[in-house]
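Each chain, letter by letter, is given below.
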Amino acid sequence: MGVCENYKVIEKKVEQACIRAGRKKEDVTLIAVSKTKPISMIQELLPLGVRDFGENKVQELTEKEELLPKDIRWHMIGHLQRNKVKYVVGKACMIHSVDSLRLAEEISKEALKKQISVPILVEVNVAGEESKFGVSVQEAPSLIEQICCLPGLQVKGLMTIAPYVEDPEENRIVFRNLRKLSVDIREKNFDNVTMDILSMGMTGDYEVAIEEGATHVRVGTGIFGERNYNI
Ligand SMILES: *Cc1c(COP(=O)(O)O)cnc(C)c1O
């Protein structure tokens, strides 16, 4: 199947998951994760009206941003180093992967310089996997308390990368815990913190994530096919 057919299949499944969860389909954004994939595959999706794309590397995001229509919303979903912040601020519509005060400070500094406000999510390593970035569930509220007062950024919600599992049901508890955490944080009423975005769910488990409250799902393989990192 081609990229457009794949996209339509996933879009339909997103809608069905919304119906099961009693949610509106407009409340879930399907982000097409185009990392490692060529510009031509992104262009195929544009006539369908697809405008949300996800990238995990700053250089790839900025290269694609330069060549493609300006109404595309580029989501920075990968680990971000402080020395690359200046390239991505102003190009990405949202940074999903903030996991330290120092990174947030750098984003704030760059946003002030460019006189913009950057929507960010705090990445939480819900399952406590050693290989993953993100703060722990326990650390998240205090990190958010520290960064919410920084000028030039708005904390919009939380993001997680769930473990790789065979059965997506195994990740339901992970998504449920991220949702619970966002409710707890919202109740603290920090300034500049809205907690209305939950970025969770990938190709293997986005339907379960939607059932548990995801507002943004990040699907790569299901739309663009397997990635080949060796070429
Ligand atoms: C690559 C990636 C995805 C997409 O993964 P698939 O399993 O291919 O859908 C989602 N989120 C992040 C942060 C990623 O790096």
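From a predicted model like this one, the values you see are computed outputs, not experimental measurements. Throughout this description, residue numbers start from 1 for each chain and increase along the sequence as written. Residues qualify for local features only when their pLDDT is at least 70, as the model is predicted, and side-chain atom pairs are given and counted only at 80 or more; totals for whole chains, interfaces and linings, by contrast, use all residues. Side-chain measures here rest on the full set of heavy atoms in the structure, leaving out hydrogens and waters.

1. Considerations on the side chain of Thr 160
Note the threshold: Secondary structure elements are defined from DSSP: runs of H or I of at least 4 residues count as helices, runs of E of at least 2 residues count as strands, and each element is numbered from the N terminus. What qualifies as a polar contact is a pair of N or O atoms within 3.5 Å, subject to a donor-acceptor requirement within protein and to the restriction that residues adjacent in sequence count only when both atoms come from side chains. Contact criterion: two residues are considered in contact whenever any of their non-hydrogen atoms come within 4.5 Å of each other.
For Thr 160, the location among the structural elements is in the loop between β6 (153-159) and α7 (172-187). Within the structure, the side chain of Thr 160 is placed 2.6 Å from the backbone oxygen of Val 124, a separation counted as a polar contact. Contact partners of Thr 160, with chain neighbours within four places excluded, come to Val 124, Val 126, Val 174, Phe 175, Leu 178, Ser 199, Met 200 and Arg 218.

2. As for the nonpolar core
The line we're drawing: Among buried residues, the Ala, Val, Leu, Ile, Met, Phe, Trp, Tyr and Cys ones that are joined through side-chain atoms within 4.5 Å form a nonpolar core. Burial status follows relative accessibility: with a 1.4 Å probe on protein chains alone, a residue under 20% of its type maximum counts as buried, one over 50% as exposed, and anything between as partly exposed.
Leu 45, Phe 53, Ile 95, Ile 107, Leu 158 and Ile 223 are the most contacted members of the largest nonpolar core, which has 68 residues in total. If one sorts the elements of this core by residue count, helix α1 (residues 3-21) sits on top with seven residues. With residues near it in sequence (within four places) discarded, Ile 223 still touches Val 3, Asn 6, Tyr 7, Ile 10, Leu 30, Ala 32 and Leu 45.

3. A few points about the UniProt feature "domain: Alanine racemase N-terminal" (unreviewed entry) in the chain
Here is the rule: UniProt positions are given in the numbering used here, feature names are shortened, and annotations may be inferred rather than shown by experiment.
Mapped onto the present numbering, the UniProt feature "domain: Alanine racemase N-terminal" (unreviewed entry) falls at residues 27-227. Span residues 27-227 is 34% helix and 22% strand, its end C-alpha atoms 28 Å apart.

4. Some thoughts on the environment of Lys 109
Within the fold, Lys 109 resides in helix α5 (residues 101-114). Between the alpha carbons of Lys 109 and Leu 150 there is a distance of 8.8 Å; along the sequence they are 41 residues apart.

5. As for the site of the ligand
Selection rule: We call a residue near a molecule or strand when any one of its heavy atoms sits within 4 Å of it. Only the protein chains shown count as cover for residues, and all accessible areas are computed by the Shrake-Rupley method using a 1.4 Å probe. As a working rule, the residues Ala, Val, Leu, Ile, Met, Phe, Trp, Tyr, Cys and Pro are called nonpolar, Asp, Glu, Lys and Arg charged, and the rest polar, with Gly in that last group.
Val 33, Lys 35, Ile 77, Ile 161, Met 202, Thr 203, Arg 218, Val 219, Gly 220, Thr 221 and Arg 227 make up every residue found near the ligand. The side chain of Thr 203 places a nitrogen or oxygen atom 2.4 Å from an oxygen atom of the ligand. Separating an oxygen atom of the ligand from a backbone N or O atom of Gly 220 is a distance of 2.8 Å. In isolation the ligand has 390 Å² of accessible area, and contact with the protein removes 90% of it. Here the shell around the ligand is composed, by residue class, of five nonpolar, three polar and three charged.

6. Examining the pattern of salt bridges
Put simply, the rule reads: Here, a salt bridge means any side-chain nitrogen of Lys or Arg that lies within 4 Å of a carboxyl oxygen of Asp or Glu.
Tallying each qualifying case throughout the model produces 16 salt bridges. Glu 55 serves as the salt-bridge partner of Lys 64, at 2.8 Å between the closest nitrogen and oxygen. Each member of the pair, Lys 64 together with Glu 55, is buried. Close ionic contact of Glu 110 with Lys 113 constitutes a salt bridge, the shortest N to O distance being 3.7 Å. Here Glu 110 and its partner Lys 113 are both found in helix α5, three residues apart, which amounts to about one turn of the helix. For Glu 110, a relative accessible area of 6% corresponds to the buried category. Assessed through its relative accessible area of 62%, Lys 113 is described here as exposed.

7. Remarks on the pairing of strand β1 (residues 29-33)
This is how it is decided: By the convention used here, strands pair only if DSSP detects at least 2 bridges between them. Handedness is read with the strands pointing away from the viewer; a crossover is right-handed when the path from the first strand over the helix to the second is clockwise.
Burial of β1 is extensive: four of the five residues sit out of reach of the surface. In this structure, β1 lies alongside strand β8 (residues 216-219), joined through four bridges in parallel fashion. Considered in β8, the bridge of Leu 30 is made with Val 217. Two elements, β1 and strand β2 (residues 52-55), share two bridges in a ladder whose sense is parallel. Across the sheet, Ala 32 pairs through a bridge with Phe 53, a residue of β2. The parallel pair β1 and β2, bridged by helix α2 (residues 39-45), forms a crossover whose chirality is right-handed.

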